[in-house]
Amino acid sequence: PELAGGLSVKARYLRGPTRDREARLIGLDPGSPVVVLLQLRIENKDTNAGSVLRRIRFIVRNSPAAGRIGLQQSVVPPEITTLKKGKMTICILGLVFASLSNREGTLQAKFDLKSGRGSTPLDIRPSLVELVKPLTMDVPMFEQNIHRLRGFQRI
């Protein structure tokens, strides 16, 4: 959505090999289950002629609400010095949470997105689905685990 003065930010979670490659590039452990990466598309959608956004940057706010799990580490994109009207850039935001959770909505990362035209608070709460990693196992191990299941779990 459009933020302060025509600044538009759209985000998507990275998964699979793309997530692993980008995590290594920004210095995070791709094997860690508490690492979440977002690809951000930042665009200047201001309609005024000659409009330029200046000094676009992310500032970390380390204060998760009560009952929430905050960040242990974050890798924010470098400051964007200028972004002309109609132009866009893509960058990566790396989040490392302090611990895992088995409850939806407990992971929380707070940022301020600042530019020359103001500041907008961002509250990122990844779904538990973003923490699930694929598990590979051979057929005998799968069969062994299937035999442990009883009742409805076997269906």
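Refer to the structure above for everything that follows.
Conventions adopted
Residues numbered from 1 in each chain as written. Predicted model: local features only at pLDDT ≥ 70, side-chain atom pairs only at ≥ 80, totals over all residues. Heavy atoms only, no water. Pairing = 2+ DSSP bridges. Helix = DSSP H or I, 4+ residues; strand = E, 2+ residues; numbered from the N terminus. Axes fitted to C-alpha atoms, helices over the stretch in contact; angles between N-to-C directions. Core = buried A, V, L, I, M, F, W, Y, C linked by side-chain atoms within 4.5 Å. Buried < 20%, exposed > 50% of the residue type's maximum accessible area, 1.4 Å probe, protein only. Contact = heavy atoms within 4.5 Å.

Engineer: Whenever I open this one, the sheet that holds strand β8 (residues 118–124) confuses me. Can you help?
Structural biologist: Picture the strands of a sheet paired through backbone hydrogen bonds; they go either parallel or antiparallel. Ordered in space as β5-β3-β7-β8, the four strands form an open sheet in which the pairing is antiparallel. In this open sheet, the two edge strands, each paired with only one partner strand, are β5 (80–84) and β8. With direction set aside, neighbouring strand axes in the sheet form an average angle of 30°. In the sheet, strand β3 (residues 52–61) pairs with strand β7 (residues 109–115) via five bridges, with the strands oriented antiparallel. From the neighbouring strand, Arg61 faces β7, where its bridge partner is Lys110.

Engineer: How should the sheet that holds strand β6 (residues 88–97) be read in this particular structure?
Structural biologist: Read across the open sheet, the four strands follow the order β1-β2-β6-β4; overall the sheet is antiparallel. Unpaired on one side and paired on the other, β1 (7–13) and β4 (71–75) mark the two borders of the sheet. Going across the sheet, the axis of each strand differs from the next one's by a mean of 25°, ignoring polarity.

Engineer: What is the right way to read the pairing of β8 from this model?
Structural biologist: Consecutive side chains of a regular strand alternate in pointing toward one face of the sheet and then the other. Sheet topology places β7 next to β8; seven bridges connect them, and they run antiparallel. Its bridge partner lying in β8, Ser115 is registered against Gly118. Between the antiparallel neighbours β7 and β8 lie two residues.

Engineer: Can you help me understand the nonpolar core in this one?
Structural biologist: Inside soluble globular proteins, nonpolar side chains tend to come together where they are buried. With 32 residues, the main nonpolar core has Leu40, Ile42, Ile56, Leu95, Phe97 and Phe111 as its most contacted residues. Those residues within four positions of Leu40 in sequence are excluded, and the remaining contacts are Val9, Lys10, Ala11, Phe58, Pro77, Thr89, Ile90, Cys91 and Leu93.

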